[in-house]
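# Coordinate analysis (summary)
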Amino acid sequence: MKKMIGIVGTNSDNSTNRELLKFMARHFKDVAEIEVVEIKEIPLFNKPESKEVPPLIKELAQKIEASDGVIISTPEYDHAVPASLMNALNWLSYHIYPFVDKPVMITGASYGTLGSSRAQQHLRQTLDSPELKARIMPSSEFLLSHSLQAFDDEGNLKDQIQIKKLEGLFSDFVLFSEMVKTFNQTHLLNKKEAENFSWENL
Amino acid sequence: MKLVGIVGSNAEVSYNRMLLNYMSKEFKSLVEIEVLEIADIPLFNQSKDETMSAPIQKLNQKILAADGVIIATPEHNRTIPAALKSVLEWLSFNIHPLEDKPVMIVGASYYDQGSSRAQLDLRQILDAPGVNAMVLPGNEFLLGKVKEAFDDKGNLKDNQTKKFLASTLIKFIQFVTLVNKLDEADKPKAEPEDLHATGKIATTIEDVDMSAGDWVEQAAEKVGAVEGDTYVKLNRGILTVDQINYFLSSMPMELTYADSNNQFLYYNHVSEADEMFASRTPDQVGNPLANCHPEAALKGVEWVIQELRTGATDCVRVNVPTHGPDKFVVHNYQAIHDNDGNYAGINEYILDFKPIVDWYLKQTGQTLVGDVNAVSSASKKDEADAVSSASVKG
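Cut-off values and rules
Residues numbered from 1 in each chain as written. Chains lettered and ligands numbered in written order. Predicted model: local features only at pLDDT ≥ 70, side-chain atom pairs only at ≥ 80, totals over all residues. Heavy atoms only, no water. Contact = heavy atoms within 4.5 Å. Buried area = accessible area lost by both parts, 1.4 Å probe. Salt bridge = Lys/Arg side-chain N within 4 Å of Asp/Glu carboxyl O. Buried < 20%, exposed > 50% of the residue type's maximum accessible area, 1.4 Å probe, protein only. Helix = DSSP H or I, 4+ residues; strand = E, 2+ residues; numbered from the N terminus. Pairing = 2+ DSSP bridges. Right-handed = clockwise from strand over helix to strand, strands pointing away. Core = buried A, V, L, I, M, F, W, Y, C linked by side-chain atoms within 4.5 Å. Axes fitted to C-alpha atoms, helices over the stretch in contact; angles between N-to-C directions. Parallel < 35°, antiparallel > 145°, perpendicular 65-115°, else oblique. Nonpolar A, V, L, I, M, F, W, Y, C, P; charged D, E, K, R; others polar. Lys, Arg positive; Asp, Glu negative; His and termini not counted. Polar contact = N/O pair within 3.5 Å; in protein donor to acceptor, adjacent residues only side chain to side chain. Patch = residues over 30% accessible without salt bridge, like charges linked within 9 Å, V, L, I, M, F, W, Y side chains within 5 Å. Areas by Shrake-Rupley, 256 points an atom, 1.4 Å probe, with all protein chains shown as cover. Phe/Tyr/Trp six-rings, centres within 6.5 Å; stacked < 30°, edge-to-face > 60°. 1 Å grid on protein atoms, 1.4 Å probe; cavity = no way out; pocket = protein on both sides within 12 Å on 5 of 7 lines; lining within 4 Å. Points joined across faces, edges and corners; volume = space filled by probe spheres on them.

Opposite the 35 residues of chain B that make contact, chain A presents 35 residues. Summing the contributions of chain B and of chain A, the shared interface buries around 3,000 Å²; its carbon and sulfur component is 52%. When the area that chain B buries against chain A is broken down by residue, the three leading residues are B:Leu43, B:Asn77 and B:Arg78, summing to 23%. Between chain B and chain A we count 1 salt bridge in total. Note that A:Asp128 is salt-bridged to B:Arg78, the shortest N-O span being 3.7 Å.

The next thing to look at is the pairing of strand S4 (residues 103-109) of chain A. Residues and elements named next belong to chain A. Taken across its 7 residues, S4 has 7 buried, putting it largely inside the fold. Bridge count between strand S3 (residues 69-73) and S4: 4 bridges; the pairing is parallel. Residue pairing across strands places Ile 72 opposite Ile 106, the latter belonging to S4. In terms of handedness, the path from S3 via helix H3 (residues 83-91) over to S4 forms a crossover that is right-handed. Two elements, S4 and strand S6 (residues 142-144), share 3 bridges in a ladder whose sense is parallel. Residue pairing in the sheet places Thr 107 in a bridge with Phe 142 of S6.

What follows is about the nonpolar core. The biggest cluster of nonpolar side chains holds 65 residues, and the ones touching the most others in it are A:Ile7, A:Ile72, A:Phe99, A:Leu127, B:Leu98 and B:Leu126. No other element matches the 6 residues that helix H3 (residues 82-90) of chain B contributes to this core. The contact partners of A:Leu127, leaving out residues within four places of it in the chain, are A:Ile72, A:Leu89, A:Phe99, A:Val104, A:Ile106, A:Leu132, A:Lys133, A:Ala134 and A:Ile136. Judged by nonpolar contacts, the second largest core, of 31 residues, contains B:Tyr110, B:Leu169, B:Phe172 and B:Ile173.

Turning our eyes to something else, we now look at the packing of H3(A) against helix H4 (residues 117-127) of chain A. All names here are of chain A. Running from N to C, H3 and H4 point in directions that differ by 10°, and their axes come no closer than 12 Å. Classed by the angle they form, the pair H3 and H4 counts as roughly parallel. On H4, the residues that touch Leu 85, Met 86 and Leu 89 of H3 are His 122, Leu 123, Thr 126 and Leu 127. Grouping the amino acids of the contact of H3 with H4 by side-chain chemistry returns 5 nonpolar, 2 polar and no charged.

All names here are of chain A. Enumeration over the complete set of coordinates arrives at 23 salt bridges over all chains. The residue Glu 35 makes a salt bridge to Lys 3 at a minimum N-O spacing of 3.5 Å. On the criterion of sequence distance, the pair formed by Glu 35 in strand S2 (residues 32-37) and Lys 3 in strand S1 (residues 2-8) is long-range, its members being 32 residues apart. In this structure, Arg 135 and Asp 101 form a salt bridge, with 3.0 Å as the shortest nitrogen-oxygen distance. Here the residue Arg 135 occupies a position in strand S5 (residues 135-136), and Asp 101 occupies one in the loop between H3 and S4, the gap between them amounting to 34 residues. By relative accessible area, which is 23% here, Arg 135 ends up partly exposed. Residues joined in a network through salt bridges with shared partners are Lys 2, Asp 68, Glu 178 and Lys 181.

Turning to the side chain of B:Lys101, a few remarks are in order. Residues and elements named next belong to chain B. By secondary structure assignment, the location of Lys 101 is in the loop between H3 and strand S4 (102-108). For the buried Lys 101, no salt bridge is present, and the opposite-charge side chain at shortest range is Asp 67, 6.6 Å distant. Within the structure, the side chain of Lys 101 is placed 3.1 Å from the backbone oxygen of Ile 63, a separation counted as a polar contact. When neighbours within four sequence positions are excluded, Lys 101 is seen to be in contact with Ile 63, Leu 64, Ala 66, Asp 67, Gly 68, Val 69, Ala 133 and Met 134.

All right, on to the packing of H3(A) against H3(B) then. At a minimum axis distance of 8 Å, the contact between H3(A) and H3(B) shows a crossing angle of 170°. Accordingly, the angle class assigned to the pair H3(A) and H3(B) is roughly antiparallel. When H3(A) is examined against H3(B), the residues A:Ala83, A:Met86, A:Asn87 and A:Asn90 are found in contact with a partner set consisting of B:Ala82, B:Lys85, B:Ser86 and B:Glu89. Looking at side-chain class alone, the contact of H3(A) with H3(B) contains 3 nonpolar, 3 polar and 2 charged residues.

Residue and element names in this part refer to chain B. As summarised here, the arrangement of the 5 strands in space is S10-S9-S13-S12-S11, forming an open sheet in which the pairing is antiparallel. Lying at the two open borders of the sheet, with one neighbouring strand each, are strand S10 (264-267) and strand S11 (315-320). Direction aside, the axes of adjacent strands within the sheet are offset by 20° on average. Bridging between strand S12 (residues 329-337) and strand S13 (residues 343-352) involves 9 bridges; their strand directions are antiparallel. Bridge pairing in S13 links His 337 to Tyr 343.

What follows is about a nonpolar patch on the surface. All names here are of chain A. Taken together, the side chains of Leu 175, Met 179 and Phe 183 define a hydrophobic patch exposed on the protein surface, amounting to about 290 Å² of accessible area. Tracing the backbone through its elements, the reader meets Leu 175 in helix H5 (residues 160-182). The exposure class assigned to Leu 175 is exposed, which follows from its relative accessible area of 54%.

Turning next to the packing of aromatic side chains. All names here are of chain A. By the definition in use, this model includes 16 aromatic pairs over all chains. Each ring, one from Phe 170 and one from Phe 173, has its centre 6.5 Å from the other, and the planes form 50°; the classification is tilted. Pair noted here: Phe 170 and Phe 173 are both in helix H5, with a separation of 3 residues, about one helical turn. The burial state of Phe 170 is the same as that of Phe 173; both residues are buried. Ring-pair connections join several aromatic residues into one group, and the members of that group are Phe 28, Phe 170, Phe 173 and Phe 176.

Bringing unusual backbone geometry into the picture now. Of the consecutive residues B:Asn235 and B:Arg236, the connecting peptide bond is found in the cis state with omega at 10°. By the secondary structure assignment, B:Arg236 is in the loop between strand S7 (231-234) and strand S8 (237-240). In this structure, A:Asp101 takes a positive phi of about 65° despite not being glycine. When its relative accessible area of 4% is taken as the criterion, A:Asp101 is described as buried. The backbone of B:Asn262 shows a phi angle near 65°, a positive value even though the residue is not glycine. Topologically, B:Asn262 is positioned in the loop between strand S9 (254-258) and S10. For B:Asn262, a relative accessible area of 2% translates into the label buried.

Residues and elements named next belong to chain B. Counted as a void, the largest pocket has a volume near 1,400 Å³. Contributing to the lining of the largest pocket are 38 residues, with Trp 215, Val 216, Ala 225, Leu 265 and Tyr 266 lying nearest its centre. The set of elements that each furnish at least two residues to the lining of the largest pocket consists of helix H6 (215-223), S7, helix H7 (241-249) and S10.

What follows concerns the pairing of S11(B). Side-chain positions along a regular strand alternate between the two faces of the sheet. Residue and element names in this part refer to chain B. For S11, a buried count of 5 out of 6 residues is recorded, marking the element as mostly surrounded by other parts of the structure. Relative to S12, S11 runs antiparallel, the two sharing 6 bridges. In the strand pairing of S12, Val 320 is matched with Val 329.

See the structure below:
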């Protein structure tokens, strides 16, 4: 049984991205255990001189570290990832490096037609940065548009075609997370590079 | 032209801050740049609306009042810092000060890139429907290897870089002029000022004749105004009405308050009209502004109020040279705002700056260089007339 972490990419109380992850956790419970985690309580990153990471972030980092893969579901604010998610990622690459070589699947939901497509692209670019160095599942997008109408009263996706697509992508991701382990020849090196990485000292 | 520069980082040490401070200093003959910080702005959360909080409103007002904005962004995780993104989210949630605002992007980084990816993302974000800024096309200013870029005084060391930054800024200034011209065509003309104060605001005292010579007495009775040794709680302190009067009377300047309804409410009555820089008489208090000015001056009065009401500027200053060469009398029209940042009227303070300047010169051992006459006629005669007569006896 795979152990996955699903990160709700917003600090908003109401989020269809949260709903999507919860649906996935239930729907895929026979394949993987998906723990849905929140970023609500994370304080604003300000690059503290002390280099101290709040316990909350350390805890989240440990969960990510211990998992087989991470699913991030992002809304789109102003053509990009919400500040609250960027904030979490800023912390999660500040003297701790839980994302290095970690398999990541990106999903996203939006009220409108585009399904957070620009934010997903933005998130891909961010996760590929030298400070994060995640293994992002290639050529995979799950864009949930008109998300306010997408779920039924039990919080399940209504559209069967969408469910099929999500099932396909998720079983690919499970396989991908397994594969990533095999092409981790450079993992120790990558980890070291990320740890030693500092824009200040380049 | 007035620009604001936004430091795109909440870090204690930021080379992007240094870059903006440098620009503000180096190019001050070209343009005024006020550098603004984002460190006290909370993380955006759509479930916890803090749009009306002081730090966000302050930023909002400053941007609204500016002709253009310069954003200096670092790069975190190949994009802009969360702190800057958060600010842009606040500024595109319930308020939209960046809408149609000319924006120039600059950025500094420790390595060669000069925040190139962050700048591209920022362009894309500023173009989002809720933000809708007018970003200067092209003209990227990427300052790489920033640790070596500045000298001890915070000035850019490399002359080529300096020149390039100056040329980019000049292009931006032209862009601002252009965009603001485009905007003018769209913008509805400012509402004409109701100088006769026929309207009513929450504090207007009704059913008392504004032109009555004893308006103050009548109005005071009507609202039961306190006086004498009654205490009044202020921000921050407690004074009696007498003490407030002594205090305002001791101000070495002539003070006048006209409210946002254009009604003349107060002046610190210390001297008789003919001894004042701008004559006021006790019976004028309560009048609509139109009544205290000659007809010919009303256009100038209207212009000043509109500048302040729209936030185009916080203070209009006019030197009135007719008091003779031994004085430098300046009429300052300062916008008054309430706690929520709404326009609440004019604080007109008039004083002779010459003794202050003389004292300064004496203390610092400096002398004025150049032709003193050239300085005293700093504001042209015709301009002075239009506005200064705002307070000439009617």
